[in-house]
There are 2 protein chains.
Amino acid sequence: MKREWDLLHTPGPTPIPPSVERAMNQPMIGHRGQKCKELLKDIAPRLKPVFGTSGEVLVLTGSGTSALEAAVVNTTQPGDEVIVVVAGAFGDRFAQICETYELNVHRIDVEWGKAVTVEQVESVLQSAEEPKAVFLTHCETSTGVMHPVEKVAERVKQLSDSLVIVDGVSSIGGAKIDMDRSGIDLVVSGSQKAMMLPPGLAFVAVGDQAWEAINQNERPRFYLDLKTYNKRLSEGQTPFTPALSLLFGLDEVLRLMEEEGLEQVFERHQTMKAMTRAAAEAMNLPLLVSEEDASSTVTSIKPTTFDAEELRKTANEEFGLILAGGQKHMKGEIFRIGHMGYSRPADVLRYISILEVILKRLGHPFESGKGSAAVQEAYLNGIKELK
Amino acid sequence: MKREWDLLHTPGPTPIPPSVERAMNQPMIGHRGQKCKELLKDIAPRLKPVFGTSGEVLVLTGSGTSALEAAVVNTTQPGDEVIVVVAGAFGDRFAQICETYELNVHRIDVEWGKAVTVEQVESVLQSAEEPKAVFLTHCETSTGVMHPVEKVAERVKQLSDSLVIVDGVSSIGGAKIDMDRSGIDLVVSGSQKAMMLPPGLAFVAVGDQAWEAINQNERPRFYLDLKTYNKRLSEGQTPFTPALSLLFGLDEVLRLMEEEGLEQVFERHQTMKAMTRAAAEAMNLPLLVSEEDASSTVTSIKPTTFDAEELRKTANEEFGLILAGGQKHMKGEIFRIGHMGYSRPADVLRYISILEVILKRLGHPFESGKGSAAVQEAYLNGIKELK
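One structure accompanies this document, and this report is about it. (Residues numbered from 1 in each chain as written. Chains lettered and ligands numbered in written order. Predicted model: local features only at pLDDT ≥ 70, side-chain atom pairs only at ≥ 80, totals over all residues. Heavy atoms only, no water.)

**What about the overall build of chain A?**
Okay, step 1: What chain A contains, in helices and strands, is 14 helices and 14 strands.
Okay, step 2: For 387 residues, the compact-globule estimate of 2.2 N^0.38 gives 21 Å, and the C-alpha radius of gyration of chain A, at 21 Å, lies within 12% of that figure.
Okay, step 3: Each of the three principal axes of chain A carries a C-alpha extent, and together these read 60 × 55 × 35 Å.
Okay, step 4: In chain A, the proportion of contacts linking residues at least 24 apart, taken out of those at least 6 apart, comes to 72%.
Okay, step 5: Total accessible area on chain A stands at roughly 14000 Å², and carbon and sulfur atoms take up 48% of it.
Okay, step 6: In chain A, the 41 positive side-chain charges and the 53 negative ones have mean positions that sit 5 Å from each other. (Helix = DSSP H or I, 4+ residues; strand = E, 2+ residues; numbered from the N terminus. Rg over C-alpha atoms; globule rule 2.2 N^0.38 Å. Contact = heavy atoms within 4.5 Å. Areas by Shrake-Rupley, 256 points an atom, 1.4 Å probe, with all protein chains shown as cover. Lys, Arg positive; Asp, Glu negative; His and termini not counted. Charge placed at Lys NZ, Arg CZ, Asp CG, Glu CD.)

In structure tokens, the structure reads:
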């Protein structure tokens with residue numbers, strides 16, 4: 001089946017809006033010229049509300065992981081104590097980066113599919129030397145859990161001077177976060193999830209306390225040195241040639257978000273979550289994550305009556321519907337549906353109806369049409385369709 | 001003036017061919033799916049001849065500088081002795097990265113506008129402890145010098161076991177390099193110069209001796225760990241989400257190069273160099289770099305009768321012709337013309353004629369039409385126009 005007909009519902013990369021495609025598809029410009037300066041100066045303040053901060057949001061050229069690494073190497077030095085919440089593949093990646101850079105890592109291992117609790121963090125925080133930083137994942141993409149990062153940050157700040165550093169790669173642009181109010185010091189993200197762009201840009205939003213740590217930190221770094229990005233940003237520049245076509249696209253992405261309204265964007269994601277979960281229940285599909293812990297950008301299903309990989313294969317071959325599988329020990333055990341970025345309730349109606357067809361064929365026990373009825377009802381009960 | 005009319009002749013970013021624009025402008029795909037695997041497996045062997053190697057060429061998501069840093073952190077450990085040739089802003093960047101990562105750097109400072117000689121490298125190589133690596137720039141973008149990296153590599157290999165590591169950011173895809181025959185161990189490059197793509201991809205070509213150093217090297221690294229890229233490449237994957245739209249474009253860039261023929265591509269760049277230099281001489285414009293040392297991808301002019309910045313401003317405002325200025329201490333002293341990637345002799349005819357108009361207006365002493373006559377003659381004497 002040709003790519004043109006694909007229905008991409010992985011939790012990133014995600015589909016690109018046509019106007020963003022057009023915006024990216026423009027002639028190159030010099031990255032030291034006036035046009036690039038104007039573009040960067042235009043984008044900078046508009047990124048801040050997406051992260052809920054009045055601080056700077058730095059734009060790096062790289063995968064999301066480059067921003068995770070930037071968060072680690074800029075704020076810590078070898079031997080520093082840190083706490084890392086690990087409840088999936090991306091929490092584990094944060095821990096791996098911290099270990100690579102010779103930190104003393106206190107892992108809080110949480111069962112995959114569950115969110116960390118404020119109490120768990122509090123207990124580790126109080127049992128050890130005050131850590132330099134607490135690393136958390138906002139949406140754990142590998143399971144579809146949304147960790148209560150704001151609540152954790154508020155508590156950490158009451159109890160300590162530790163930095164709170166959040167991986168927002170698969171949440172930013174789809175889920176609300178209020179860095180400044182909750183006390184989160186640093187949030188990283190990427191372009192290819194709810195930010196509706198191809199992969200290639202990474203974002204780092206930095207608060208005042210994080211800047212203090214960054215400015216004092218003597219650990220060697222060059223490409224990922226946030227001080228340099230900040231200095232050049234104040235001049236309307238980037239230290240190194242940025243991924244210009246993605247910046248052209250980012251300008252349009254921000255325009256789309258402003259047009260819809262950020263609150264509406266976040267509500268649309270909540271609606272898609274509610275629709276997907278209601279349909280799953282009506283189709284007897286076990287949800288991996290509880291309502292309270294579940295992400296508004298990705299939903300994981302853990303089937304018991306059929307093979308998750310067989311469902312993904314059929315969905316892909318017959319309808320071009322691309323779903324994600326499980327990662328690491330969950331490979332083959334779950335499948336994941338991304339509903340973020342350039343996705344709207346109408347797309348959820350479609351993929352639920354497709355799933356009903358496939359489930360019927362796989363002999364899964366459920367009543368035909370129940371999923372569609374439930375997803376429609378959830379939509380009607382929920383927030384209005386994207387205008 | 002609108003961007004649509006711009007004539008971009010900086011030494012990167014460079015214009016994008018329409019078929020590459022179209023190739024990039026395609027729906028997103030999952031980066032762990034079959035389509036991405038096929039794309040990566042298709043691209044991998046076709047990159048090798050561009051670098052003149054039978055070794056792997058790794059594709060990173062980042063600016064060219066990310067690949068420079070990857071070259072340093074993967075092959076060296078703190079305290080290692082290294083030689084760095086510095087003859088401009090990018091040689092200086094290599095030295096800065098080496099210093100940041102705590103190497104003992106022996107700089108060979110060469111006057112800006114001149115190429116390093118084999119003898120200079122030989123002399124430093126023999127006067128000190130055998131270095132872990134010799135770092136060189138192929139085309140020094142800031143001056144338009146092409147260093148004799150192959151000759152230097154051959155001599156270094158005769159005299160030592162040092163690695164030879166080359167920054168080919170503004171040469172690869174435009175100038176020939178034979179890694180395997182000359183003994184160059186590692187070449188880095190970027191997407192936005194002669195590779196005809198927007199910025200955002202970085203390349204690292206790695207030979208056997210470099211792999212030995214990389215595999216034994218215990219320096220901490222994560223995002224730029226070349227071992228991981230190599231391991232995942234053998235599985236048709238990348239370790240982190242790659243800049244997919246640029247990979248779609250790279251596939252088409254390689255097709256264009258294969259269609260034209262790599263040797264023809266390199267000859268076209270030589271023709272553009274010869275045309276530009278002949279015209280400059282006929283217009284009484286002092287060339288910064290001698291014929292022997294000059295790059296085939298960028299030409300620097302050092303005017304004496306007018307202000308380089310005023311010429312650039314007029315060229316931009318009146319014709320949308322974007323030229324680069326000087327960097328660091330050469331700011332205001334030179335202007336630079338990029339003729340690489342999606343540029344052909346017809347474009348050189350155009351910018352020379354534009355320069356004649358502007359030089360006339362600036363009161364520069366030269367005979368009108370001499371530049372155009374010279375560029376045309378150089379073209380007729382040179383290699384045939386791109387078919």
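**Describing the packing of aromatic side chains**
Residue and element names in this part refer to chain A.
Okay, step 1: Under the definition given, this model contains ten aromatic pairs over all chains.
Okay, step 2: Three or more aromatic residues link up through ring pairs in this structure, and these residues are F222, Y223, Y229 and F240.
Okay, step 3: If you follow K360 out to its NZ or CZ, it ends over the ring of F366, 4.9 Å from the centre. (Phe/Tyr/Trp six-rings, centres within 6.5 Å; stacked < 30°, edge-to-face > 60°. Lys NZ or Arg CZ within 6 Å of the ring centre and 35° of its normal.)

**Focus on the sheet that holds strand β13 (residues 324-325) of chain A**
Residues and elements named next belong to chain A.
Okay, step 1: Strand order in this open sheet of three strands is β11-β14-β13, and the pairing throughout is antiparallel. Two strands in the sheet have a free side with no partner beyond their single neighbour: β11 (298-301) and β13.
Okay, step 2: Of the strand pairs in this sheet, β11 and strand β14 (residues 335-338) are connected by four bridges, and their pairing is antiparallel. The residue of β14 that forms the bridge with S300 is R336. (Pairing = 2+ DSSP bridges.)

**Comments concerning helix α14 (residues 370-381) of chain B**
Residue and element names in this part refer to chain B.
Okay, step 1: Taking 1.5 Å per residue as the helical rise, α14 with its twelve residues ought to reach 16 Å, and the 16 Å between its terminal C-alpha atoms agrees with that figure.
Okay, step 2: What α14 keeps buried is the set G371, S372, A374, V375 and A378. Across the axial projection of α14, the buried residues extend over an arc of 165°, all falling on one side. Structural note: α14 exposes L380 and N381 on the side pointing more than 90 degrees away from its buried face.
Okay, step 3: Turning to α14, the residues buried within the fold contact α11 (262-282) and α13 (345-362). (Expected span 1.5 Å × (residues − 1). Buried < 20%, exposed > 50% of the residue type's maximum accessible area, 1.4 Å probe, protein only. Arc of directions from axis to C-beta.)

**A few points about the pattern of salt bridges**
Okay, step 1: Counting across every chain of the model gives 54 salt bridges over all chains.
Okay, step 2: Residue E317(A) is joined to K313(A) by a salt bridge in which the shortest nitrogen-to-oxygen separation is 3.5 Å. One end of the pair, E317(A), and the other, K313(A), are both in helix α12 (residues 308-319), four residues apart, so they sit about a helical turn from each other.
Okay, step 3: Between E318(B) and R361(B) there is a salt bridge, and its shortest N-O distance comes to 2.4 Å. You can see E318(B) sitting in helix α12 (residues 308-319) and its partner R361(B) sitting in helix α13, a full 43 residues away along the chain.
Okay, step 4: Under the relative-accessibility criterion, E318(B) is labelled partly exposed at 35%.
Okay, step 5: By sharing partners, the salt bridges in this structure join D42(A), R46(A), D251(A) and E258(A) into a single network. (Salt bridge = Lys/Arg side-chain N within 4 Å of Asp/Glu carboxyl O.)

**Let's talk about the interface of chain B and chain A**
Okay, step 1: The interface is formed by 47 residues belonging to chain B together with 47 residues belonging to chain A.
Okay, step 2: Between chain B and chain A, a total of about 4200 Å² is buried, with carbon and sulfur atoms accounting for 60% of that surface.
Okay, step 3: D6(B) is the salt-bridge partner of K35(A), the closest N and O atoms lying 2.8 Å from each other.
Okay, step 4: For the pair chain B and chain A, the interface holds ten residue pairs in polar contact (both at pLDDT 80 or more).
Okay, step 5: Put simply, the parts of the chain that give the side of chain B that touches chain A at least two residues each are α3 (64-75), α4 (89-100) and α10 (244-260) of chain B.
Okay, step 6: Looking at the side of chain B that touches chain A residue by residue, the classes come out as 21 nonpolar, 17 polar and nine charged. (Buried area = accessible area lost by both parts, 1.4 Å probe. Polar contact = N/O pair within 3.5 Å; in protein donor to acceptor, adjacent residues only side chain to side chain. Nonpolar A, V, L, I, M, F, W, Y, C, P; charged D, E, K, R; others polar.)

What is shown is where atoms sit, not what they do.
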